[in-house]
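Descriptive analysis of the structure
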Amino acid sequence: MVKKILFCATVDYHFKAFHLPYMDWFQKQGWEVHVAAAGDMELPCTNKKYNIAIQRSPFHPSNIKAFEQLKEIIDDNNYSIIHCHTPLGGVLARLAARQTRKMGTSVIYTAHGFHFCKGAPLKNWLMYYPMERYLSKHTDTLITINSEDYNLARRHQFQSDSIEHVHGVGVNTNKFKPIDEENKRELRKSFGYQSDDFLLFYAAEFNKNKNQQFLLQVLALIKNKVPNVKLLLAGEGPSLQNCMTLANHLGIDDRVDLLGLRHDIHQLVPMCDVGVASSLREGLPVNVMEMMASGLPIVAVDNRGHRELITNNKNGWLISRLDPIDFAEKVINLAKFSDIRKQFGKNARDSILSTYSLEKVLKEKKTIYQSLMDREEGIEWAIH
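Now for a look at the structure at hand. (Residues numbered from 1 in each chain as written. Predicted model: local features only at pLDDT ≥ 70, side-chain atom pairs only at ≥ 80, totals over all residues. Heavy atoms only, no water.)

Overview of the pattern of salt bridges
Cut-off, in case you're wondering: Salt bridge criterion: a side-chain nitrogen from Lys or Arg within 4 Å of a carboxyl oxygen from Asp or Glu. Secondary structure elements follow DSSP: runs of H or I of four or more residues count as helices, runs of E of two or more count as strands, with numbering from the N terminus. A 1.4 Å probe rolled over the protein chains alone gives each residue an accessible area, and that area as a share of the maximum for its type sets the label: buried under 20%, exposed over 50%, partly exposed in between.
Counted by the stated rule, this structure contains 16 salt bridges. The partner of Arg188 in a salt bridge is Asp273, and the shortest N-O contact between them spans 2.7 Å. Within this pair, whereas Arg188 is found in helix H8 (residues 181–190), its partner Asp273 is found in the loop between helix H11 (265–268) and strand E11 (274–277), the two being separated by 85 residues in sequence. A residue is classified by how much of its surface remains accessible, and Arg188, at 2% relative accessible area, is buried. A salt bridge links Asp264 to Arg262; its shortest N-O distance comes to 2.9 Å. A residue is classified by how much of its surface remains accessible, and Asp264, at 14% relative accessible area, is buried.

If you want it as structure tokens, here you go:
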């Protein structure tokens, strides 16, 4: 009988962006891969896909229907492993899997950054901490992607059978890699930039947490000291219009390129000079890892996820939360001193290659998956 795994998350794009290599690995082991998430996207490495009505808000009434759909899917398919992601996908899947877990199904939850963390609002602790603490006892393996979350889960004695630290979802270092100066000039020309432009890059959804307004304030501070500076912002989202208004108000709209949703990030990043990151909360940011893998030094607002990746004076700088003057000074230094910029960029790529590459993370994940596969075979052997 073919074994099956169910991957569950809030939206299907999550799997296209982050998990296809792991789904592909399961298929190569002879497993059926099922996906349950909101959305009608066609996914590779998928034997069956369920479009269910999960919503991001925990209070949305559609989540009741999503729970019922998910429970029916789980009850009907006799999954060996269920691996759930994202806060609401993780909540609903673990609640729906309580009964089948008693019959031997292994449940994994990857916390892509707990919403409760050092410096998080009190409401996050009041809402998400009790929820995750309760659900941990319905989880075989809790995967955390940064040291702070791992230590928190262990210190607070979350009741998962095991708590693991995996270094994110992995970065394709063959896709995201540095390019030489000649190719950089040609690439810039093809996108309409000058060879001597000083390009800052950030790719993220435009929302309150990603905090792009902060970068616009920084740009306004450095525009006279770095006359050829440009800020490239890729992404869409609810705060996009506010950012356009602010850029105009600050007189920097001619220095900001709003690129929209892009599928060529791997080409845009290597032609830039510095990666910047302004988010208030991160688990382990893939956008920053992609910039580092491409050989960019990073200047970032200090938070849990950025601290995991960036070491001051080695591969970039962390800036005390919301201090645009300090942030601007660091960017100016990188513009002035190309030798520091290049050394930081080299160190940034080296750190990704050593710990966060797709190959390294796949090896970590395979160890976890294999332990659950072996456990199930042991149970089956004991039964028979």
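Topic: the pairing of strand E2 (residues 32–38)
Stated formally: In this scheme, strands are said to pair when DSSP sees at least two bridges between them.
Burial of E2 is extensive: six of the seven residues sit out of reach of the surface. The sheet contact formed by E2 and strand E3 (residues 48–51) spans four bridges and is parallel. Counterpart to Ala36 in the pairing with E3 is Tyr50.

A closer look at the nonpolar core
Quick reminder of the rule: Buried Ala, Val, Leu, Ile, Met, Phe, Trp, Tyr and Cys residues form a nonpolar core when they are joined through side-chain atoms within 4.5 Å. We call two residues in contact when some of their heavy atoms are within 4.5 Å.
Counting residues in each nonpolar core, the largest one holds 65 residues, and the members touching the most others are Leu200, Phe201 and Phe327. Beyond its immediate stretch of four places on either side in the chain, Phe201 contacts Leu232, Ala234, Leu259, Ile265, Leu268, Val269, Cys272, Val274, Gly275, Val276 and Met291. One finds Leu88, Ala96, Ala97 and Phe114 within the second-largest nonpolar core, a separate group that totals 30 residues.

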